[in-house]
Amino acid sequence: MKTAKKIIFWSLVAFALIQFIPIDRVNKPVDVKVNFVDSRKTPEKIKTLIKGACYDCHSNETIYPKYAFIAPVSWSVKSHINEGREHLNFSVWETYNKDLKVNMLSKSIQAIQAKTMPMPGYIVYHQEANLSDAERSLLTQYFEEMLKSKTY
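Cut-offs and rules
- Residues numbered from 1 in each chain as written.
- Predicted model: local features only at pLDDT ≥ 70, side-chain atom pairs only at ≥ 80, totals over all residues.
- Heavy atoms only, no water.
- Core = buried A, V, L, I, M, F, W, Y, C linked by side-chain atoms within 4.5 Å.
- Buried < 20%, exposed > 50% of the residue type's maximum accessible area, 1.4 Å probe, protein only.
- Helix = DSSP H or I, 4+ residues; strand = E, 2+ residues; numbered from the N terminus.
- Contact = heavy atoms within 4.5 Å.
- Axes fitted to C-alpha atoms, helices over the stretch in contact; angles between N-to-C directions.
- Parallel < 35°, antiparallel > 145°, perpendicular 65-115°, else oblique.
- Nonpolar A, V, L, I, M, F, W, Y, C, P; charged D, E, K, R; others polar.
- Phe/Tyr/Trp six-rings, centres within 6.5 Å; stacked < 30°, edge-to-face > 60°.

Asks: Looking at this structure, I do not really get the nonpolar core. What am I missing?
Replies: In a soluble, globular protein the nonpolar side chains are often hidden away together inside. The biggest cluster of nonpolar side chains holds 25 residues, and the ones touching the most others in it are Phe36, Ile50, Phe90, Trp93, Leu139, Phe143 and Met146. Listing elements by their share of this core, those giving two or more residues are helix H2 (36-39), helix H3 (44-53), helix H5 (98-114), helix H6 (120-125) and helix H7 (133-149). Excluding residues that lie within four positions of it along the chain, Phe143 makes contacts with Phe36, Ile50, Leu105, Ser108, Ile109 and Ile112. Membership of the second largest hydrophobic core comes to 5 residues, among which are Cys57, Tyr64, Val77 and Ile81.

This is the structure:
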């Protein structure tokens, strides 16, 4: 029994100590001239869908939920955000070249259709990101139209 108490005690101490390991939660400023929804004058319905389902991980407009302030969960959340921004950052859309935009739009269409984005784990805590089939279709059509008309 003493061993179990020691394990619990030291686990709690370790948990308390890791709370002091900070992560950077500061979003870079967003320039509306290069931000996807602003520069493209995205229709309100599409804008709402993109911001609700994509922007937390794929923009510099992340809103960190309460659970993102507790280590080690905060480390995982920040890692996912960093990875998401590396693949696609809507806040800097107009800084991407044509080929990169085409690639990102194509991959976005595939991910939306395959229901791999938004990530299933994200949807559990963010119901606004749980897109219906109709909403997925609407986003897909919007991105496909951009590709067809070459207005990216």
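Asks: In this structure, what is going on with unusual backbone geometry? I would like to understand it.
Replies: Here the amide bond leading from Ala71 into Pro72 is cis, since omega sits at 0°, within 30 degrees of zero. Position of Pro72 relative to the elements: it lies in the loop between H3 and helix H4 (73-87). Residue Pro118 is bonded to the preceding Met117 through a cis peptide linkage, with omega at -15°. Relative to the helices and strands, Pro118 resides in the loop between H5 and H6. One non-glycine residue with positive phi stands out, namely Lys115, at about 60°. The topology assignment puts Lys115 in the loop between H5 and H6. The phi torsion at Lys150 lies on the positive side, around 55°, for a residue other than glycine. With respect to the element layout, Lys150 can be found in the segment after H7. Taking the relative accessible area as the measure of exposure, Lys150 reaches 61% and is therefore exposed.

Asks: Would you mind showing me how to read the packing of H3 against H7 here?
Replies: Two measures define how a pair of helices packs: the angle their axes make with one another and the distance between the axes. For the pair H3 and H7, interaxial distance at closest approach is 10 Å and the crossing angle is 110°. Considered as vectors, H3 and H7 are oriented roughly perpendicular to each other. Touching Lys45, Ile46, Leu49 and Ile50 of H3 are Glu135, Leu138, Leu139, Tyr142 and Phe143, all from H7. The residue makeup of the contact of H3 with H7, split by class, is 7 nonpolar, no polar and 2 charged.

Asks: Got a minute to help me understand the packing of aromatic side chains in this structure?
Replies: The geometry of an aromatic ring pair comes down to the distance between the two centres and the angle between the two planes. Per the stated rule, a full pass over the model turns up 9 aromatic pairs. Taken together, a centroid distance of 5.0 Å and an interplanar angle of 45° make the contact between Tyr67 and Tyr125 tilted. Of this pair, Tyr67 sits in the loop between H3 and H4 while Tyr125 is found in helix H6, placing the two residues 58 residues apart along the sequence. Since its relative accessible area comes to 28%, Tyr67 is described here as partly exposed. Chaining the aromatic ring pairs together yields one cluster made of Phe36, Tyr55, Phe90, Trp93, Tyr96, Tyr142 and Phe143.

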